[in-house]
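Coordinate inspection notes
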Amino acid sequence: MTVVGLVLGAVSAVSAQEWSIGVGGLFGSNFGGGYKGGGRNLLSAPHLGGAGEVFFSSEYAEAAVGFITASGVWVDSVGGGAASSKVNTDVSTMTVNVGVWVKYPYHLAEAFKLFPIAGLDYEIYVYGLYSRTNGVTNKVEEERMVSPNNLSRLWFKGGAGADVGLSERIYIHSAVLYGVGWKNSVERNVVKADKYAVVNVSHGLTAKVGVGYMFDFD
């Protein structure tokens, strides 16, 4: 087979696929993160939030760029036993999530298909704000920006999704994924500095639903 033949075959395969672009809503979460060590337990990552995304999809692959605003409470415990103390800090964050996935569709009906989906999602923090409140006086004792890049992390996510056709070109696209996150810079530095420190595993749920538009190269 000649090089020209290979190129023409690749172009034909690409052209035969269903390509689409769409927008939708996005929910994200992290139920873990932070670290334990040196008599201190900083549960620094848990958050819940959501916003939207733009996705690009073909028959067997998908990419998306999402934007999430999230909030949560960071729990910082120092010491142990009767001498332990705990400080809660409200946190607001904004992230840009860039993900790429592979999937394998099962066409159960002309306008309905299910697919397993798995891939990588890089969570880029672009904003973070601490707000620490005194539990007795209920007044804000400290409010400051955090360095967002230190909190960014890579995720592996897997789950299932479904596409439901509304017309020849327009369809509903949805997916639910569960992920495990790698250590961020803060957690890696803590482990390097303290050999007794242990990082709490980041893990969480992602759910999204949107509307897509299919097009082709014909």
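Above this text is the structure in question.
Presented here is an overview of the structure given in this document. If you're wondering where the values come from, they're calculated on a predicted model, not measured in any experiment.

**Comments concerning the overall build of the chain**
- The secondary structure content of the chain amounts to two helices and 13 strands.
- The contacts in the chain between residues at least 6 apart in sequence include a share of 66% that link residues at least 24 apart.
- Only carbon and sulfur atoms are counted for the fraction: they give 65% of the accessible area of the chain, which is about 12000 Å².

**Remarks on a nonpolar patch on the surface**
- A cluster of nonpolar side chains, namely Ile21, Val23, Val54, Phe56, Leu166, Ile170, Val211, Tyr213 and Phe215, defines an oily patch on the protein surface of about 770 Å² accessible area.
- Among the secondary structure elements, those contributing two or more residues to the nonpolar patch are strand E1 (19-30), strand E4 (47-57) and strand E13 (202-215).
- In terms of residues, the nonpolar patch owes the most to one element, E13, which gives three residues.

**Details of the packing of aromatic side chains**
- In total, this model carries two aromatic pairs according to the counting rule given.
- With 5.8 Å between their ring centres and 35° between their planes, Tyr60 and Tyr104 make a pair best called tilted. Highlighted residues: Tyr60 in the loop between E4 and strand E5 (61-78) and Tyr104 in the loop between strand E6 (85-103) and strand E7 (106-109), separated in sequence by 44 residues.
- Overall, Tyr60 belongs to the partly exposed group, its relative accessible area being 41%.
- Classification of Tyr104 by relative accessible area gives partly exposed; the value is 47%.
- Taken together, the ring pairs in this structure connect Tyr60, Tyr104 and Tyr106 into an aromatic cluster.
- Above the ring of Phe115, the side-chain terminus of Lys103 is found at 4.8 Å from the ring centroid.
- Looking at Lys208, its charged tip hangs above the ring of Trp101, at a distance of 4.1 Å from the centre.

**Examining the nonpolar core**
- In terms of nonpolar packing, the biggest core is built from nine residues, these being Phe55, Ala64, Trp101, Phe115, Ile117, Tyr171, Ala175, Leu177 and Met214.
- At the level of elements, strand E8 (112-133) and strand E11 (170-181) are the ones that each hand at least two residues to this core.
- Element by element, the count of residues in this core is highest for E11, at three residues.
- With residues up to four places along the chain from it excluded, the contact list for Leu177 reads Trp101, Ile117, Lys157, Gly158, Gly159, Gly204, Leu205, Thr206 and Lys208.
- Counting residues in hydrophobic clusters, the runner-up holds five residues, among them Trp74, Val91, Tyr125 and Leu151.

**Concerning the pairing of E11**
- Residues Tyr171, His173, Ala175, Leu177, Gly179 and Gly181 line the buried face of E11, whereas the alternating positions Ile170, Ile172, Ser174, Val176, Tyr178 and Val180 sit on a face that is not buried.
- Where strand E10 (residues 153-165) meets E11, eleven bridges bridge the pair, whose relative direction is antiparallel. Bridging from a neighbouring strand, Trp155 pairs with Gly181 of E11.
- Hairpin remark: E10 followed by E11, antiparallel, with four residues in the connecting loop.
- Here E11 pairs with E13 via twelve bridges, running antiparallel. Paired with Ile170 across the two strands is Tyr213, which belongs to E13.

**Describing the pattern of salt bridges**
- The final tally for this structure, using the stated rule, is seven salt bridges.
- For Glu59, the salt bridge identified is with Lys113, shortest N-O distance 3.6 Å. Of this pair, Glu59 sits in the loop between E4 and E5 while Lys113 sits in strand E8, placing them 54 residues apart in sequence. Residue Glu59 shares its accessibility class with Lys113, and that shared class is buried.
- A salt bridge links Glu187 to Arg153, with the shortest nitrogen-to-oxygen separation between them at 3.0 Å. Placement of Glu187 in helix H2 (residues 185-193) and of Arg153 in strand E10 is noted, with a sequence separation of 34 residues between them. In terms of burial, Glu187 and Arg153 fall into one category: buried.

**A closer look at the environment of Leu108**
- Relative to the helices and strands, Leu108 resides in strand E7.
- Residues contacting Leu108, with those up to four places away along its chain left out, are Lys113 and Leu114.

**Considerations on the side chain of Glu62**
- Mapped onto the elements of the fold, Glu62 is located in strand E5.
- Only 3.0 Å separates the side chain of Glu62 from the side chain of His173, close enough to count as a polar contact.
- Apart from residues lying up to four places away in sequence, Glu62 is in contact with Phe55, Phe56, Ser57, Gly99, Val100, Trp101, Lys103, Ile117, His173 and Lys208.

The rules behind each value
- Residues numbered from 1 in each chain as written.
- Predicted model: local features only at pLDDT ≥ 70, side-chain atom pairs only at ≥ 80, totals over all residues.
- Heavy atoms only, no water.
- Helix = DSSP H or I, 4+ residues; strand = E, 2+ residues; numbered from the N terminus.
- Contact = heavy atoms within 4.5 Å.
- Areas by Shrake-Rupley, 256 points an atom, 1.4 Å probe, with all protein chains shown as cover.
- Patch = residues over 30% accessible without salt bridge, like charges linked within 9 Å, V, L, I, M, F, W, Y side chains within 5 Å.
- Salt bridge = Lys/Arg side-chain N within 4 Å of Asp/Glu carboxyl O.
- Phe/Tyr/Trp six-rings, centres within 6.5 Å; stacked < 30°, edge-to-face > 60°.
- Buried < 20%, exposed > 50% of the residue type's maximum accessible area, 1.4 Å probe, protein only.
- Lys NZ or Arg CZ within 6 Å of the ring centre and 35° of its normal.
- Core = buried A, V, L, I, M, F, W, Y, C linked by side-chain atoms within 4.5 Å.
- Pairing = 2+ DSSP bridges.
- Polar contact = N/O pair within 3.5 Å; in protein donor to acceptor, adjacent residues only side chain to side chain.

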